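# Results of the structural survey
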Amino acid sequence: MPSLRTALLQSSGRPGAVAENLKVLDEAAARAAGAGARLLVSPELFLTGYAIGDAVPVLAEPADGPGAEGVAEIAVRHGLAVLYGYPERDGERIFNASQLIGPDGARLANYRKTHLFGCFEQEWFTPGEQTVVQADLDGLRIGLLICYDVEFPENVRAHALAGTDLLLVPTAQMHPFQFVAESVVPVRAFESQMYVAYVNRTGPEGEFEFVGLSCLAGPDGTVRTRAGRGEELVVGDVDPEFLAASRAANPYLQDRRPGLYGSLA
């Protein structure tokens, strides 16, 4: 099975300007496809911007709304899957969500952030209730989490037990928590034996300062590609053969003793 070339778009786009953000995503998709990527991952709430305050309910839309249609057009035009973050409206509730669109424009998976971070998110969003959301792409099982979710090892282990090969984590990682991007994410990839694509915003936005440092970490705990602090598109390969060999050499999942872990729940 060939590797899945994955592009990470580190950008904050244009907060509050959905049309402009779709243009940024389109340009990145063109560059990613030119580099041979089959998957493009953008940051948390990329469609609208993160620190948009009162605009959250105005810009929120259903999973099959105009934003999804715009992303689907981009995916089809450039022949690659696209993961994007957006505020999802479902009736009166709004979720911090991410959606994976396939190369054919089909909606493959939609995930609602289960662990909300800080007063801003808790004010505007309802927490999701489904930890493991997955889709299949080019023979790999793709899983979705968002930012703070990955900092709970239980979430990542649940994905490992469900067979996730590549975990996509759009994020809005801010100062002074850059150690998450630098240290926690590669450890998560190693301890649960999967690839993790952690894709951040960058620069100042409202009261926040996003730190960049997007990365693709492998199951051996090493980083395959890493962005700096500014706007950047980086590309790395998810190798299924290496993943299988790593899992054989590091049998964490087989060596677990779940009967001892009851107190964790």
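These lines cover the structure that appears in this document, whether it is placed above or below.

## Section: the sheet that holds strand β2 (residues 39-41)
- Pairing is mixed across the open sheet formed by 6 strands, whose spatial order is β5-β4-β3-β2-β1-β14. Edge positions in the sheet fall to β5 (107-112) and β14 (232-238), since each has one partner strand and no second. On average, each strand axis in the sheet is inclined to that of its neighbour by 30 degrees, with strand direction left out of account.
- Examined bridge by bridge, strand β3 (residues 81-90) and strand β4 (residues 93-101) share 9 bridges and lie antiparallel to one another. Following the sheet pairing, tyrosine 86 is matched in β4 by alanine 97.

## Structural notes on the sheet that holds strand β9 (residues 195-199)
- Here we have 6 strands laid out as an open sheet, ordered β6-β7-β8-β9-β12-β13, and mixed in their pairing. Two strands lie at the open edges of the sheet, namely β6 (134-137) and β13 (223-226), each paired on one side alone. Between one strand and the next, the sheet's axes are offset by a mean angle of 20 degrees, whatever the strand orientation.
- Here 3 bridges tie strand β7 (residues 140-144) to strand β8 (residues 166-170), and the two strands are oriented parallel to one another. Among the inter-strand pairings, isoleucine 142 is bridged to a residue of β8, identified as leucine 166.

## Thoughts on the nonpolar core
- Of all hydrophobic cores here, the largest spans 45 residues; its most connected members are Leu39, Ile142, Leu166 and Leu168.
- Non-local contacts of leucine 39, meaning those with residues more than four positions away in its chain, are made with Leu4, Arg5, Thr6, Ala7, Leu80, Ala81, Val82, Leu100, Leu137, Leu166 and Leu168.
- If you look at the next biggest cluster of nonpolar residues, it comprises 25 residues, including Leu22, Phe46, Leu80 and Ala97.

## Some remarks on the packing of helix α1 (residues 18-34) against helix α3 (residues 66-78)
- Across the interface, α1 lies against α3 with an axial gap of 9 Å and an inter-helix angle of 20 degrees. Considering their axes alone, α1 and α3 lie roughly parallel with respect to each other. Both α1 and α3 take part in a crossing whose hand is right-handed. Of the residues in α3, those in contact with Leu22, Leu25, Asp26, Ala29, Ala30 and Ala33 of α1 are Gly67, Gly70, Val71, Ile74, Arg77 and His78.
- The residue makeup of the contact of α1 with α3, split by class, is 7 nonpolar, 3 polar and 2 charged.

## A word on the environment of alanine 244
- Here alanine 244 shows up in helix α7 (residues 240-249).
- According to the relative accessible area criterion, alanine 244 is partly exposed, its value standing at 47%.
- Along the sequence, alanine 244 and valine 180 sit 64 residues apart, while their C-alpha atoms lie 26 Å from each other.

## Quick look at the side chain of glutamine 178
- As for its placement among the helices and strands, glutamine 178 is situated in the loop between β8 and α6 (179-191).
- When near neighbours in sequence (up to four residues on either side) are disregarded, glutamine 178 contacts Gln173, Val211, Leu213 and Arg229.

## What to know about the packing of aromatic side chains
- All told, the structure shown has 11 aromatic pairs when counted by the stated rule.
- A centroid spacing of 6.2 Å and a plane angle of 65 degrees characterise the contact between phenylalanine 120 and phenylalanine 208, whose relative ring orientation is edge-to-face. Taken together, the residues span a long stretch of sequence, with phenylalanine 120 in helix α4 (residues 118-124) and phenylalanine 208 in strand β11 (residues 208-211) at a distance of 88 residues. Across the pair, phenylalanine 208 and phenylalanine 120 agree in class, each one buried.
- Three or more aromatic residues link up through ring pairs in this structure, and these residues are Tyr50, Phe120, Phe125, Phe208 and Phe210.
- Here the basic side chain of arginine 112 rests over the ring of phenylalanine 95, its NZ or CZ set 3.9 Å away from the ring centre.
- The positively charged end of arginine 224 is found above the aromatic ring belonging to phenylalanine 242, 5.0 Å away from the centroid.

## Topic: the pairing of strand β1 (residues 4-10)
- Most of β1 is tucked away, with 6 of its 7 residues classed as buried.
- In this structure, β1 lies alongside β14, joined through 7 bridges in antiparallel fashion. Bridge pairing links threonine 6 to glycine 236 in β14.
- When β1 meets β2, the two strands line up parallel, connected through 3 bridges. When the sheet's bridge partners are listed, alanine 7 is paired in β2 with leucine 40.
- Tracing the backbone out of β1, into α1 and back to the parallel element β2 gives a crossover that is right-handed.

Cut-offs and rules
Residues numbered from 1 in each chain as written. Predicted model: local features only at pLDDT ≥ 70, side-chain atom pairs only at ≥ 80, totals over all residues. Heavy atoms only, no water. Pairing = 2+ DSSP bridges. Helix = DSSP H or I, 4+ residues; strand = E, 2+ residues; numbered from the N terminus. Axes fitted to C-alpha atoms, helices over the stretch in contact; angles between N-to-C directions. Core = buried A, V, L, I, M, F, W, Y, C linked by side-chain atoms within 4.5 Å. Buried < 20%, exposed > 50% of the residue type's maximum accessible area, 1.4 Å probe, protein only. Contact = heavy atoms within 4.5 Å. Parallel < 35°, antiparallel > 145°, perpendicular 65-115°, else oblique. Left-handed = near helix turned anticlockwise from the far one by under 90°. Nonpolar A, V, L, I, M, F, W, Y, C, P; charged D, E, K, R; others polar. Phe/Tyr/Trp six-rings, centres within 6.5 Å; stacked < 30°, edge-to-face > 60°. Lys NZ or Arg CZ within 6 Å of the ring centre and 35° of its normal. Right-handed = clockwise from strand over helix to strand, strands pointing away.

These values are about where atoms sit, not about what they do.
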